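Remarks on the overall topology
Chain residues, written in single-letter form:
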Amino acid sequence: MTIDDFIGKFAFAIEVDADTLTPDTRYKELPSWDSLNTLAVIAMADADYGVTVTGRDIEASATVADIWAIVSSKCAAAK
Amino acid sequence: MNAVTGVALRAVTAATPTRVARTADYAYLEPDERQRFQKATGIAERRIVAAGQCASDLCLAAAKAALAHLGWDPASVGALILITQTGDQPVPATSIVLQDKLGLPSACMAFDINLGCSSYPYGLAVAGSVMRTLGIARGLLLIGDVSSRLCAEHDKSAWPLFGDAGSATALELDESAPPIHLDLCSDGAGKEAIIIPGGGLASRLPPVDGHIADAIGSDGVPRRADNLVLRGADIFSFAISRVPGSIQRAIASSGRAAQDFDFLLLHQANRMINDTIARKLGFASDRVPTSIEHYGNTSSASIPVTLCANAALFDVPRWVVASGFGVGLSWGSATFQLPAAAVLPCIDTDDVH
């Protein structure tokens, strides 16, 4: 469970090339980002990490590293 | 035992208006956004009422079709329960108006229930329990909404999702009917996820007269106070995290295994939600019929609409587990048997009664 793995899954979920993302990418500023991507990220966190990301979590995060911090902390809490 | 016993489902009918609204034609999304929306939600088109048609009109058509199919004398119906969030008027309850329009006897109890996407399991629980306890031989459970009349047309977070529909489920006391097992849940802490904030007494807003200035929501979308606000991401995470457990509890309470059910019927909110729930429960897609492609999210009526849109699957007796979830938050699941040929194909109607 590393941020590199997460970036790959995150990129796949929102249908962008993983090479275009870094931990510091402000993902909601990507030209292709829209509210449907929010659902795709929630679905990815559920399917790949078994955790529930909320709409509020997405609102509260800015960068890919922010959302990874939320997912990884929920994973840790679930253990 | 979380079950209603001795009550059989005899017929399920659904009615929709004829007017089709296609995602591909929705003016407030760009063409590429329309494609992405359709791919993510599964919604290609929906049925939308013309001005003046109400949920009661759609439910009336569905109820008449159920009575005709069964050859039931209206005088034999002792309970009419309507579940809607789009009644004809605030007072009196629309179910009572429908009692008269359907020619049901005055010795028929009639009342409304205010629930949305969770209506089907709740309706089976309430109607079945009342009939069983009071010895009412026959009842009609009517469920429907005209959500298009609640949403601002430019609100792309709500308008392109919803379709209008009404339904009827005819229930009858029958000692030989298998039990209907239920799991029913609520969480009012999530009330903001889907809400019409204005028009009620708590809002302290002036009566809705169509002249209230548009207000800009926190999402930047201007809406009237009596428009519906839907926070899709909150609903999405609620549904995929809390609904599978409800379905599992209903299945467990039935004493049957998941593989003993022919079909899983889910509220039709979003293709991604339902794919996720079905995957968690181990139901392959051929055991999860859908209607969202052609009818959108038909709110309270989505489970009967999905049954009727796939009526050919129900020519033989089928075991079904169904789950509705959404506005409230309210969710629930029910397991039941549908006898052969009890599900009729969807009816088209623009009649206003």
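Further up the page is the structure itself.
In this report, we go over the structure that sits alongside the text. (Residues numbered from 1 in each chain as written. Chains lettered and ligands numbered in written order. Predicted model: local features only at pLDDT ≥ 70, side-chain atom pairs only at ≥ 80, totals over all residues.)

1. Description of the overall build of chain A
- On a plain count of helices and strands, chain A comes out with four helices and zero strands.
- In chain A, the succession of helices and strands from N to C terminus is α-α-α-α.
- On C-alpha atoms alone, chain A measures out to a radius of gyration of 11 Å, which is about the 12 Å that the 2.2 N^0.38 rule sets for 79 residues.
- With the principal axes as the frame, chain A shows a C-alpha extent of 35 × 25 × 20 Å.
- When contacts within chain A are restricted to residue pairs at least 6 apart in sequence, long-range pairs at least 24 apart make up 56% of them. (Helix = DSSP H or I, 4+ residues; strand = E, 2+ residues; numbered from the N terminus. Rg over C-alpha atoms; globule rule 2.2 N^0.38 Å. Contact = placed C-beta atoms within 7 Å.)

2. Description of the overall build of chain B
- In terms of helices and strands, chain B carries eight helices and 17 strands.
- For chain B, whose C-alpha radius of gyration is 19 Å, the value lies close to the compact-globule estimate of 20 Å for 353 residues.
- Projected onto its principal axes, the C-alpha positions of chain B cover 55 × 45 × 35 Å.
- Taken over 353 residues, chain B has a buried fraction of 53%. (Buried ≥ 20, exposed ≤ 12 C-beta atoms within 10 Å, placed from the backbone.)

3. With respect to the pairing of strand S15 (residues 318-326) of chain B
- By the criterion of burial, S15(B) is predominantly enclosed, with seven of the nine residues buried.
- Counted along the chain from S15(B) to the antiparallel partner strand S16 (residues 330-338) of chain B, the turn is three residues long, and its residue B:Gly328 has a positive phi close to 150 degrees. (Pairing = 2+ DSSP bridges.)

4. Quick look at the packing of helix H2 (residues 35-49) of chain A against helix H5 (residues 232-254) of chain B
- Relative to each other, H2(A) and H5(B) sit at 20 degrees, their axes nearing to 9 Å. What the angle tells us is that H2(A) and H5(B) run roughly parallel. Considering only the axes of H2(A) and H5(B), their crossing is right-handed. Between H2(A), through A:Ser35, A:Thr38, A:Leu39, A:Ile42 and A:Asp46, and H5(B), the contact on the second element is made entirely by B:Gly232, B:Ala233, B:Phe236, B:Ser237 and B:Ile240. (Axes fitted to C-alpha atoms, helices over the stretch in contact; angles between N-to-C directions. Parallel < 35°, antiparallel > 145°, perpendicular 65-115°, else oblique. Left-handed = near helix turned anticlockwise from the far one by under 90°.)

5. Points about the sheet that holds S16(B)
Residue and element names in this part refer to chain B.
- Pairing is mixed across the open sheet formed by five strands, whose spatial order is S1-S9-S16-S15-S14. At either margin of the open sheet sits one strand with a lone partner, and together these are strand S1 (3-4) and strand S14 (263-266).
- Of the strand pairs in this sheet, S1 and strand S9 (residues 180-186) are connected by two bridges, and their pairing is antiparallel. For Val4, the partnering residue across the bridge sits in S9 and is Ile180.

6. Overview of unusual backbone geometry
Residues and elements named next belong to chain B.
- Backbone torsion omega between Val91 and Pro92 reads 0 degrees, so that peptide bond is classified as cis.
- Across the junction of Gly328 and Leu329, the peptide omega takes the value 0 degrees, indicating a cis bond.
- Mapped onto the elements of the fold, Leu329 is located in the loop between S15 and S16.
- Positioned with a positive phi, Ser299 is a non-glycine residue whose angle comes to about 55 degrees.
- Looking at where Ser299 falls in the secondary structure, it is placed in the loop between helix H7 (292-295) and helix H8 (302-309).
- On the basis of neighbour count, Ser299 is assigned to the buried category, with 34 C-beta atoms found within 10 Å.
- Even without being glycine, Ala341 reaches a positive phi, approximately 60 degrees.
- Checked against the element boundaries, Ala341 lands in the loop between S16 and strand S17 (347-348).

7. Focus on the sheet that holds strand S8 (residues 165-173) of chain B
All names here are of chain B.
- Ordered by their spatial adjacency, six strands build an open sheet running S6-S5-S7-S8-S2-S17, and the pairing between neighbours is mixed. Each of the sheet's edge strands pairs with one partner strand only, and the pair in question is strand S6 (109-113) and S17.
- Across two bridges, strand S2 (residues 7-16) lies against S17 in parallel orientation. Across the sheet, residue Ala15 finds its bridge partner in S17, namely Ile347.
- The strands touched by helix H4 (residues 119-134) within the sheet are S2, strand S5 (79-83), S6, strand S7 (138-145) and S8, with S5 carrying the most contacts at an inclination of about 160 degrees.

8. Things to note about the nonpolar core
- Residues B:Cys59, B:Ala62, B:Ala63, B:Leu80 and B:Leu142 are the most contacted members of the largest nonpolar core, which totals 130 residues.
- If near-sequence neighbours (up to four positions away) are discounted, B:Ala63 is found in contact with B:Leu102, B:Leu140, B:Leu142 and B:Ala168. (Core = buried A, V, L, I, M, F, W, Y, C linked by C-beta atoms within 7 Å.)

9. A closer look at the interface of chain B and chain A
- Contacts between chain B and chain A engage 15 residues on the former and 14 residues on the latter.
- Of all the elements in the fold, those that place two or more residues in the side of chain B that touches chain A are helix H1 (31-41), H5 and helix H6 (271-281) of chain B.
- If one sorts the elements of the side of chain B that touches chain A by residue count, H5(B) sits on top with seven residues.
- The residue inventory of the side of chain B that touches chain A, partitioned by class, reads six nonpolar, five polar and four charged. (Nonpolar A, V, L, I, M, F, W, Y, C, P; charged D, E, K, R; others polar.)

10. Considerations on the environment of B:Asp315
All names here are of chain B.
- Its place among the elements puts Asp315 in the loop between H8 and S15.
- Since 11 C-beta atoms lie within 10 Å of it, Asp315 is described here as exposed.
- For the pair formed by Asp315 and Arg22, sequence separation is 293 residues and the distance between their alpha carbons is 30 Å.

11. Observations regarding the environment of A:Ala69
Residue and element names in this part refer to chain A.
- As for its position among the elements, Ala69 is in helix H4 (residues 64-78).
- Taking the number of C-beta atoms within 10 Å as the measure of exposure, Ala69 has 14 and is therefore partly exposed.
- Each C-alpha atom, one on Ala69 and one on Ile3, is 9.0 Å from the other, the two residues being 66 residues apart in sequence.

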